[in-house]
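A closer look at the structure
Below, each chain spelled out in residue letters.
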Amino acid sequence: MNKPFLFPAAFSRRAVLSAVAAVSVIVLLGTAPAHAQAWPSKPIKPIKLVVPFPPGGPTDTASRIVGQKLAERLKQPVVVENRAGASGSIAALQIAKTPGDGYTLMMLATPTLLAPHLYKKAGYDTTKDLMSVATVYDLPIVVVVNPAQMPSVTDLQKLITHAKAQPGRLNYTSSGVGSFGHLSMELLKQLGQFEMEHIPYRGGVPAITDTLGGQVPMMYADLVAALPHIQTGKLRAIAVGSPQRVGVIPNVPTIAEQGFKGFDAVSWGGLMAPPGTPKEVVDRISKEVKAILADKEVQDKLLNAGAIANYQSPDQMAKRVMGDYTKWGKVISDKGIIFE
């Protein structure tokens, strides 16, 4: 029969308690969460930056510009991965379910921010299931007309007068149903109490092409797509949706300046992280992004892609996400723009 183990008499009660405490510390250290370790890790562990759209667009371009600089500053590889589909909601849902260890980020863009309103089965809530890290860029949108089709329309009020003179017969286009251009024009129509018919296209390129060809006389377009044609005079810009004028077309007034005080419609992008990502990691990445966007070379590269560098902190970005989610969600709901 085995005898019970007894501590020798030489072991004091204090010594026993100290030994137990030491073992407890070892156990706790062995099971410490990953974020308690140094970030970024050594040996090197790549950081994945997910882009919820195909290669080539402004979101992808901005991600590669910022990703390269982030890799240089952190001395850590940043791998850009395109994961497109359903306005970016496929990627966002996966990110929302990814462990928050600091090694996965996503470049959020406005369509992905609003996708839970547009898609019944998006499966995530942008305001709750993703963590804001830093805004990166603004992508201004602009109302353009074909000057050959609408020679007398040189500003927003003339457009509204023209639309009211022929209710329901004037068409406009955008890059698609539920696109930011579509939503912005629907809000403007509601505020200005005028009617136009939306002719959606599958993407900005075919929409611009038919606006140039006169099949549709006007468009609410991303500035990146419209700018070359504005510069050649083939399209006339009559208003920008941002609160301030845009540097590359400084003579084009804002919608707010043309009778719609407070109007603000800007598509934008920013870094988000999975839920549970440690605050110190979020703050570190945000700090690096702030420094990156202060670089004139980076600003110029983004501008060449049609985007304007715009840093906002995690708290500022979270407020912006909430504000846009609520504001544009109401427009989507009021207009019944819902996809299965």
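Notes on the structure in this doc start here. (Residues numbered from 1 in each chain as written. Predicted model: local features only at pLDDT ≥ 70, side-chain atom pairs only at ≥ 80, totals over all residues. Heavy atoms only, no water.)

This part covers the environment of Thr277. Position of Thr277 among the secondary structure elements: in the loop between strand E9 (266-273) and helix H9 (279-293). Judged by its relative accessible area of 5%, Thr277 is buried. Separated by 172 residues in sequence, Thr277 and Leu105 have C-alpha atoms that sit 10.0 Å apart. Once residues lying within four places of it in the same chain are set aside, the contact partners of Thr277 are Gly100, Asp101, Gly102, Met131 and Val282. (Helix = DSSP H or I, 4+ residues; strand = E, 2+ residues; numbered from the N terminus. Buried < 20%, exposed > 50% of the residue type's maximum accessible area, 1.4 Å probe, protein only. Contact = heavy atoms within 4.5 Å.)

Once that is clear, we can look at the pattern of salt bridges. For the structure on display, the rule yields 16 salt bridges. The closest approach of N and O atoms between Asp60 and Arg64, which form a salt bridge, is 3.0 Å. In this pair, Asp60 and Arg64 both sit in helix H2 (residues 58-74), four residues apart, roughly one turn of the helix. With a closest N to O distance of 3.0 Å, Arg320 and Asp138 form a salt bridge. You can see Arg320 sitting in helix H11 (residues 314-335) and its partner Asp138 sitting in strand E4 (residues 131-145), a full 182 residues away along the chain. Note on accessibility: Arg320 and Asp138 belong to one class, buried. Overlapping salt bridges, with partners in common, bring together Lys69, Glu72, Glu297 and Lys301 in one network. (Salt bridge = Lys/Arg side-chain N within 4 Å of Asp/Glu carboxyl O.)

Where H2 meets H9, the closest approach of the two axes is 10 Å, and the angle between their N-to-C directions is 115°. H9 is crossed by H2, and the crossing has right-handed handedness. Each of Val66, Lys69, Leu70, Arg73 and Leu74 in H2 lies in contact with H9, whose residues at this interface are Arg284, Ile285, Glu288, Ala291, Ile292 and Leu293. The residue inventory of the contact of H2 with H9, partitioned by class, reads seven nonpolar, no polar and four charged. (Axes fitted to C-alpha atoms, helices over the stretch in contact; angles between N-to-C directions. Left-handed = near helix turned anticlockwise from the far one by under 90°. Nonpolar A, V, L, I, M, F, W, Y, C, P; charged D, E, K, R; others polar.)

What follows deals with unusual backbone geometry. Positioned with a positive phi, Lys75 is a non-glycine residue whose angle comes to about 55°. Mapped onto the secondary structure, Lys75 falls in the loop between H2 and strand E2 (78-82). Residue Lys75 is classed as exposed on the basis of its relative accessible area of 62%. One non-glycine residue, Ser87, lies in the positive phi region at around 60°. Residue placement: Ser87 occurs in the loop between E2 and helix H3 (89-96). For Ser87, a relative accessible area of 24% corresponds to the partly exposed category.

The topology assignment puts Thr59 in helix H2. Among the polar contacts listed, one links the side chain of Thr59 to the side chain of Tyr137, at a separation of 2.8 Å. What Thr59 contacts, discounting residues up to four positions off in sequence, is Val51, Phe53, Met107, Ala109 and Tyr137. (Polar contact = N/O pair within 3.5 Å; in protein donor to acceptor, adjacent residues only side chain to side chain.)

What follows deals with the pairing of strand E6 (residues 197-200). The pairing of strand E5 (residues 171-174) with E6 spans four bridges and is classified as parallel. If you follow Ser174 over to E6, its bridge partner there is Pro200. Running through helix H6 (residues 180-192), the crossover from E5 to the neighbouring parallel element E6 is right-handed. (Pairing = 2+ DSSP bridges. Right-handed = clockwise from strand over helix to strand, strands pointing away.)

Before going further, it helps to spend a moment on the nonpolar core. Membership of the largest hydrophobic core comes to 50 residues, with the highest contact counts inside it found for Leu159 and Met218. When residues in this core are grouped by element, the largest group, six residues, is from H11. Aside from chain neighbours lying at most four places away, what touches Leu159 is Val143, Met150, Val153, Leu170, Met218 and Ile238. Tyr103, Tyr137, Val281 and Ile285 belong to the second-largest nonpolar core, a separate cluster that totals 31 residues. (Core = buried A, V, L, I, M, F, W, Y, C linked by side-chain atoms within 4.5 Å.)

Each aromatic ring pair is summarised here by two numbers: the centre-to-centre distance and the angle between the ring planes. Considering all chains together, one arrives at three aromatic pairs under this definition. Seen from their ring centres, Trp39 and Tyr103 are 6.2 Å apart, and the 50° between their planes marks the pair as tilted. Residue Trp39 is located in the loop between helix H1 (13-30) and strand E1 (47-51), and its partner Tyr103 is located in the loop between H3 and strand E3 (104-109); the two are separated by 64 residues in the primary sequence. For the residue pair Trp39 and Tyr103, the accessibility class agrees, reading buried in each case. Geometry around Tyr103 places Lys45 over its ring, the cationic atom sitting 4.5 Å from the centre. (Phe/Tyr/Trp six-rings, centres within 6.5 Å; stacked < 30°, edge-to-face > 60°. Lys NZ or Arg CZ within 6 Å of the ring centre and 35° of its normal.)

Buried residues dominate E3, accounting for six of its six residues. As paired elements, E1 and E3 share three bridges and run parallel to each other. By the bridge assignment, Val50 is partnered in E3 with Met106. In this structure, E3 lies alongside E9, joined through four bridges in antiparallel fashion. Bridging across to E9, Ala109 finds its partner in Gly269.

What follows deals with a nonpolar patch on the surface. There is a patch of nonpolar side chains on the surface, built from Val248, Leu303 and Ile308 and spanning about 200 Å² of accessible area. Among the structural elements, Val248 can be located in the loop between strand E8 (236-240) and E9. On the basis of relative accessible area, Val248 is assigned to the partly exposed category, the value being 35%. (Patch = residues over 30% accessible without salt bridge, like charges linked within 9 Å, V, L, I, M, F, W, Y side chains within 5 Å. Areas by Shrake-Rupley, 256 points an atom, 1.4 Å probe, with all protein chains shown as cover.)

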